[in-house]
Amino acid sequence: MACLLETPIRMSVLSEVTASSRHYVDRLFDPDPQKVLQGVIDMKNAVIGNNKQKANLIVLGAVPRLLYLLQQETSSTELKTECAVVLGSLAMGTENNVKSLLDCHIIPALLQGLLSPDLKFIEACLRCLRTIFTSPVTPEELLYTDATVIPHLMALLSRSRYTQEYICQIFSHCCKGPDHQTILFNHGAVQNIAHLLTSVSYKVRMQALKCFSVLAFENPQVSMTLVNVLVDGELLPQIFVKMLQRDKPIEMQLTSAKCLTYMCRAGAIRTDDNCIVLKTLPCLVRMCSKERLLEERVEGAETLAYLIEPDVELQRIASITDHLIAMLADYFKYPSSVSAITDIKRLDHDLKHAHELRQAAFKLYASLGANDEDIRKKIIDTENMMDRIVTGLSESSVKVRLAAVRCLHSLSRSVQQLRTSFQDHAVWKPLMKNMAFQAEQKIKADILRSLSTEQLFRLLSDSDLNVLMKTLGLLRNLLSTRPHIDKIMSTHGKQIMQAVTLILEGEHNIEVKEQTLCILANIADGTTAKELIMTNDDILQKIKYYMGHSHVKLQLAAMFCISNLVWNEEEGSQERQDKLRDMGIVDILHKLSQSPDSNLCDKAKTALQQYLA
């Protein structure tokens, strides 16, 4: 099997390649099989923990020769096994090493090796496959190219605890998305892996648990199956609950909590079930404590954010568990100059990954404040909260920026906005200035004070679609309920109208333009704010254009703008109606009242009635 280097080896590289490295490769070509075996064993000892030596051997072409020996029928099983071990060691070096191995088609060669009757050779091939598949440079699809591979791996699960550990690890790393979940599920993954949760080996139990977490994620079919699986007379959720008890290793607690979280979100376990309220949620809150390692705190917060996201009761319980809201404030202070970390490597790692903590905190704050006004107030009153969000909006990491916008979006959301979907949008009636409303107005004022116009524009021109959509959602939330709309537009109207114009003129997808037209519809619902639209002929022409667009979503969104502008119970409606009639809007309304889309037809008729009333 040829594996050619694409460019000639530079002299500077060759000069680093030591004579001893060449000696190792030369011995692989010896006519005496015993000397070849000894050469491979010596090579194995030379590369352990030595990345430079690994790179040298790869440059000198050791990989194609090792793969040739591994696949030769005349090679002894011992030689084949030693070759697999050396290849596995080379794969444990740098990502470039793994790329070199992949270029030499190592995966098909190792998968072929799994057909051998020899268990030690199978284990060595699986160990090497595990190392390669867990590398970020390896495409997961390579596991699914040959349809016979997955059933064969399932059959090998019963061979030894090593085959169980490595195969489960391969599955959990290569199961990305519903297609992979379906393939593994259809080949009996649940039945074949469930009994491994009671294995005597901790590593096997742990890898089996990880498998279930990736299989259950956003998958109702798998989750509904898991709920009813019995292992040694005990239901799977009960086993997961035992695994998240405080006396178990942190990794096990976290992964069990993820399994139960994913099953709950997929609808297989109720949100008010004791295993969620009394076990999973408290376990995840524990993971957010500053005693935990950075990656545990990140995973704990992100999983908790996902668990409570759709459920107001879980949000309320989480917000009063172990002072969680205050605990999350520590995520922004870490690692501090007085950090207790004495391990320099750990400190270096944490400094590089501290942004992940901030991202996780923003996500969890967003979920906590999704529905409850009191929780939102607590979050906003947390020390320097608005400053932290504003800083987050300017971070270089797109994930942190997105999480910060998401947090702002959540804190700006009014209960009324949340409960009234765009489809049943009504003209808001002015609200009584009750306490909840005033608190909400204060929050919006805080957000606008903290969010400069420059930042708003930067977010609205962000290349990441998610950031743009969340920012538009934030604007839409801020511009809800009439007094708020008028107040905001009186201070920020010019800039907001400019932003809306830019987006409607830009190359954006349907969802972005729909959200932007929704913002215009909210502005059109203001008492004084609607004049910013009526005096802007450019915007009026754009609304007219979208009324005749080929996409119904955009036509509907434009229709809401018109409905709010022509509503006849409001002051100045006659002048607005006349101006829009002169623009040809009434003719378009007549056409739309004949639309095959019932929603569009109804909205057009409602708008026409305003002219007749």
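- Going by what an unreviewed UniProt entry lists, the chain is known as Armadillo repeat-containing protein 8 and is assigned to Bos indicus x Bos taurus.

### Looking at the UniProt feature "repeat: ARM" (unreviewed entry) in the chain
Okay, step 1: Following the UniProt record, the feature "repeat: ARM" (unreviewed entry) maps to residues 61–97 here.
Okay, step 2: The span residues 61–97 carries 76% helix and 0% strand; its end-to-end C-alpha distance comes to 12 Å.

### Details of the domain arrangement of the chain
Okay, step 1: Examined at the domain level, the chain breaks down into domain 1 (270–451) and domain 2 (453–475 + 484–612).
Okay, step 2: Residue-level contacts link 25 residues of domain 1 with 28 residues of domain 2.
Okay, step 3: A buried area of about 2,400 Å², summed over both sides, lies between domain 1 and domain 2, and 65% of it is on carbon and sulfur atoms.
Okay, step 4: Inspection of the region where domain 1 meets domain 2 yields one salt bridge.
Okay, step 5: Asp462 is the partner of Arg401 in a salt bridge, and the nearest nitrogen-oxygen pair spans 2.9 Å.
Okay, step 6: For the pair domain 1 and domain 2, the interface holds two residue pairs in polar contact (both at pLDDT 80 or more).
Okay, step 7: Broken down by secondary-structure element, the contributors of at least two residues to the side of domain 1 that touches domain 2 are helix H24 (385–393), helix H25 (398–411) and helix H27 (435–450).
Okay, step 8: Class assignment of the residues belonging to the side of domain 1 that touches domain 2 gives a composition of 13 nonpolar, eight polar and four charged.

### Observations concerning the packing of helix H11 (residues 161–174) against helix H14 (residues 202–216)
Okay, step 1: At a minimum axis separation of 8 Å, H11 and H14 run at an interaxial angle of 25 degrees. Taken together, the axes of H11 and H14 are roughly parallel relative to one another. In terms of crossing hand, the pair formed by H11 and H14 is left-handed. Residues Arg161, Gln164, Glu165, Cys168, Gln169, Phe171 and Ser172 of H11 lie in contact with H14, whose contacting residues are Lys203, Val204, Gln207, Ala208, Lys210, Cys211 and Val214.
Okay, step 2: Grouping the constituent residues of the contact of H11 with H14 by class yields six nonpolar, four polar and four charged.

### Comments concerning the nonpolar core
Okay, step 1: Counting residues in each nonpolar core, the largest one holds 206 residues, and the members touching the most others are Phe212, Leu368 and Leu520.
Okay, step 2: With 10 residues, the single largest contributor to this core is helix H34 (residues 552–566).
Okay, step 3: Taken domain by domain, the makeup of this core includes at least three residues from each of domain 1 (270–451) and domain 2 (453–475 + 484–612).
Okay, step 4: Those residues in contact with Leu368, other than ones at most four positions away along the chain, are Ile308, Gln315, Ala318, Ser319, Leu324, Ile325, Leu328, Ile375 and Ile379.

### Some words on the confidence of the model for the chain
Okay, step 1: Considering every residue of the chain, the mean pLDDT works out to 88; 91% of them sit at 70 or more.
Okay, step 2: Here residues 4–14 is modelled with pLDDT under 50, and outside its nearest four sequence neighbours on either side it reaches five contacts, counting other chains as well.
Okay, step 3: Below a pLDDT of 50 lies the segment residues 414–432, which in the model reaches 43 contacts outside its immediate sequence neighbourhood of four places, other chains included.

### Side note on helix H7 (residues 95–103)
Okay, step 1: Residues Asn97, Val98, Leu101 and Leu102 constitute the buried set of H7. Along the long axis of H7, the arc covered by the buried residues comes to 135 degrees, so they all point the same way. Exposed residues lying more than 90 degrees from the buried face of H7 are Asn96 and Asp103.
Okay, step 2: In this structure, the buried side of H7 is in contact with helix H4 (51–59), helix H5 (62–71), helix H6 (77–91), helix H8 (106–113) and helix H9 (119–133).
Okay, step 3: Once H7 finishes, His105 follows within two positions and takes phi at roughly 60 degrees, a positive value.

### Observations regarding the packing of helix H33 (residues 537–547) against H34
Between two packed helices, the angle of one axis relative to the other and the distance separating the axes together describe the packing.
Okay, step 1: Contact geometry of H33 with H34 gives a least axis separation of 7 Å together with a crossing angle of 130 degrees. Our classification of the angle between H33 and H34 gives oblique. Here H33 and H34 pass one another in a crossing that is left-handed. Residues Leu540, Ile543, Tyr546 and Met547 of H33 pack against Leu554, Gln555, Ala558, Met559, Cys561, Ile562 and Leu565 of H34.
Okay, step 2: Here the contact of H33 with H34 is built from residues that sort into 10 nonpolar, one polar and no charged.

### Here's the deal with unusual backbone geometry
Okay, step 1: Look at Asp232: it is not a glycine, yet its phi comes out positive at around 50 degrees.
Okay, step 2: Relative accessible area serves as the criterion here: at 68%, Asp232 is assigned to the exposed category.

### A few points about the pattern of salt bridges
Okay, step 1: For the structure shown, the criterion picks out 32 salt bridges.
Okay, step 2: Residues Lys120 and Glu123 are paired through a salt bridge, measuring 3.7 Å at the closest nitrogen-oxygen approach. Taken as a pair, Lys120 and Glu123 lie in helix H9 at a separation of three residues, close to a single helical turn.
Okay, step 3: A residue is classified by how much of its surface remains accessible, and Glu123, at 4% relative accessible area, is buried.
Okay, step 4: For Lys542, the salt bridge is made with Glu505, and the minimal N-O distance between the two is 3.0 Å. In this pair, Lys542 is assigned in helix H33 and Glu505 in helix H30 (residues 482–505), connecting sequence segments 37 residues apart.
Okay, step 5: For Lys542, a relative accessible area of 12% puts it in the buried group.
Okay, step 6: Ionic contacts of the salt-bridge type, sharing partners, join the residues Lys290, Asp330, Lys333 and Glu383 into one network.

Parameters at a glance
- Residues numbered from 1 in each chain as written.
- Predicted model: local features only at pLDDT ≥ 70, side-chain atom pairs only at ≥ 80, totals over all residues.
- Heavy atoms only, no water.
- UniProt positions renumbered as here; feature names shortened; annotations may be inferred.
- Helix = DSSP H or I, 4+ residues; strand = E, 2+ residues; numbered from the N terminus.
- Domains from an automatic or database assignment.
- Contact = heavy atoms within 4.5 Å.
- Buried area = accessible area lost by both parts, 1.4 Å probe.
- Salt bridge = Lys/Arg side-chain N within 4 Å of Asp/Glu carboxyl O.
- Polar contact = N/O pair within 3.5 Å; in protein donor to acceptor, adjacent residues only side chain to side chain.
- Nonpolar A, V, L, I, M, F, W, Y, C, P; charged D, E, K, R; others polar.
- Axes fitted to C-alpha atoms, helices over the stretch in contact; angles between N-to-C directions.
- Parallel < 35°, antiparallel > 145°, perpendicular 65-115°, else oblique.
- Left-handed = near helix turned anticlockwise from the far one by under 90°.
- Core = buried A, V, L, I, M, F, W, Y, C linked by side-chain atoms within 4.5 Å.
- Buried < 20%, exposed > 50% of the residue type's maximum accessible area, 1.4 Å probe, protein only.
- pLDDT = per-residue confidence, 0-100.
- Arc of directions from axis to C-beta.

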